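Residues per chain, in single letters:
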Amino acid sequence: MSTESAGEKFQKLVGIMARLRGPGGCPWDREQTFDTIKPYTLEETYEVLEAIDKRDWSELAEELGDFMLQAVFYAQMASEQNLFGIETALDAINQKLVRRHPHVFGEASAQTADDVKQIWGRVKDAEKQEKNAAAAGLLDGVPRAMPALVEAQQIASKAAGVGFDWENPEQVIEKLHEELAEFAEARKTARPDELEDELGDMLFVIVNLARFVKVDPEQALRGTNAKFRRRWSHIEARLRERGRKPEESNIDEMEALWQEAKQAR
């Protein structure tokens, strides 16, 4: 077992990345830019989530290594352009964690997770004012590039934080029924732009409903996707036993196998 500390191992990763990008290093690594690496960052993020969903801890350890490489890669490129180094990024997160947890490192008090969220919000507002960003809009800090479901979750939470919100889940469900009726009306015209708009409204309301019942909509949908995959795999396996493929089956047979898969869990 290695006797190196976590810090020593992290510094080794930094050194490896510097060599890959340096003279005589890897041609592929040397030609990468901030923009070309972005897709890999997104890919690695989802691979981390997948390992967690599968509860595959050895895979998660490996994926977290890939995830950390992304940060080191960006920092190395920034260092080459004299923008900042990995030390600056580490200082930033260390200071932020201490600053945003005054109930741990300071005199503030927090008894519940909701108390912590309120403290976090106040500290973030103070940070914005220090950066002269007080005049910025409430939603300006929500990145447009993130997945739409996550973006909707953050937008709704920020609006709710300043009082623009329903009072209870029942009101949200009532709004959902209203949006369903508007979607049904839009279907009569068969205009794609109207259907898209109304469907988006429904999804946004569902995200708010998830917030009220304290469910992460992204994780809820990922769970449903995984469930569908399991049940579909059951259908394919049972059809193979019968010497057929899904396209050679019919809806009644596949529905029966779907119900069979549901009972198996």
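As the structure is a prediction and not an experimental result, all values here were calculated from the model. (Residues numbered from 1 in each chain as written. Predicted model: local features only at pLDDT ≥ 70, side-chain atom pairs only at ≥ 80, totals over all residues. Heavy atoms only, no water.)

## Details of the overall build of the chain
Defined as follows: Only DSSP runs of H or I covering at least 4 residues are called helices, and only runs of E covering at least 2 are called strands; the numbering of each starts at the N terminus. In this treatment the radius of gyration is a C-alpha quantity, and the globule benchmark scales as 2.2 Å times the residue count to the 0.38 power. Summary of the burial criterion: residues with accessible area below 20% of their type's maximum are buried, those above 50% are exposed, and those between are partly exposed, where the area comes from a 1.4 Å probe applied to protein chains only. Whether two residues touch is decided by their heavy atoms; if any such pair falls within 4.5 Å, the residues are in contact. All accessible-area figures derive from a Shrake-Rupley calculation using a 1.4 Å probe, and residue coverage is judged against the displayed protein chains alone. We score Asp and Glu as negative and Lys and Arg as positive, and we do not count His or the chain ends. One atom stands in for each charge, and that atom is NZ of Lys, CZ of Arg, CG of Asp or CD of Glu.
Secondary structure summary: the chain contains twelve helices and zero strands in total. Counting from the amino terminus, helix and strand elements in the chain follow one another as α-α-α-α-α-α-α-α-α-α-α-α. Here the C-alpha radius of gyration of the chain, 24 Å, is well above what a compact globule of 265 residues would show, namely 18 Å. In terms of overall dimensions, the chain has C-alpha extents of about 60 × 55 × 40 Å along its principal axes. A buried classification covers 23% of the 265 residues belonging to the chain. Residue pairs at least 24 apart in sequence account for 48% of intrachain contacts in the chain once pairs closer than 6 positions are excluded. Per element, the accessible surface of the chain, about 18600 Å² overall, is 56% carbon and sulfur. Looking at charge distribution, the chain has the averaged site of its 36 positive side-chain charges lying 3 Å from that of its 50 negative ones.

## A closer look at the nonpolar core
Put simply, the test is: To qualify as a nonpolar core, a set must consist of buried Ala, Val, Leu, Ile, Met, Phe, Trp, Tyr and Cys residues joined through side-chain atoms within 4.5 Å.
Counting nine residues, the largest nonpolar core consists of Val14, Met17, Ile37, Val72, Phe73, Tyr74, Ala75, Met77 and Ile86. Breaking this core down by element, the ones donating at least two residues are α1 (6-21) and α4 (57-80). Counting residues per element, this core draws most heavily on α4, at five residues. Beyond its immediate sequence surroundings of up to four residues, methionine 77 is in contact with Arg21, Gln32, Thr33, Phe34 and Ile37. Leu239, Met254, Leu257 and Trp258 belong to the second-largest nonpolar core, a separate cluster that totals five residues.

## With respect to the packing of α1 against α4
When two helices pack together, you describe them by how their axes are tilted relative to each other and by the distance separating the axes. Quick note on the threshold: Angular values range over 0 to 180 degrees, each being the angle between N-to-C directions of two axes fitted as lines to C-alpha atoms, with helices fitted over their stretch in contact. What sets the label is the angle itself: under 35 degrees gives roughly parallel, over 145 gives roughly antiparallel, 65 to 115 gives roughly perpendicular, and the rest give oblique. Each crossing gets its handedness from the near helix: less than a right angle anticlockwise from the far helix is left-handed, clockwise is right-handed. Amino acid classes used here: Ala, Val, Leu, Ile, Met, Phe, Trp, Tyr, Cys and Pro are nonpolar; Asp, Glu, Lys and Arg are charged; the rest, including Gly, are polar.
Where α1 meets α4, the closest approach of the two axes is 10 Å, and the angle between their N-to-C directions is 55°. Between α1 and α4, the interaxial angle falls into the category oblique. For the element pair α1 and α4, the recorded crossing hand is right-handed. Counting all contacts with α1, which are made through Phe10, Leu13, Val14, Met17, Ala18 and Arg21, the residues of α4 involved are Leu69, Val72, Phe73, Gln76, Met77 and Glu80. When grouped by side-chain class, the residues that make up the contact of α1 with α4 number nine nonpolar, one polar and two charged.

## Overview of α1
As a reminder of what qualifies: Given a helix with a known number of residues, its expected span is that number minus one, times 1.5 Å. This arc is taken over the directions from the axis of the helix to the C-beta atoms.
Counted at 1.5 Å a residue, the expected span for α1 with its 16 residues is 22 Å, and the 23 Å between its end C-alpha atoms agrees. Of all the positions in α1, only Val14, Met17 and Arg21 are classed as buried. One side of α1 holds all its buried residues, which, seen down the axis, span an arc of 65°. In this structure, the buried side of α1 is in contact with α2 (27-31), α4 and α5 (86-99).

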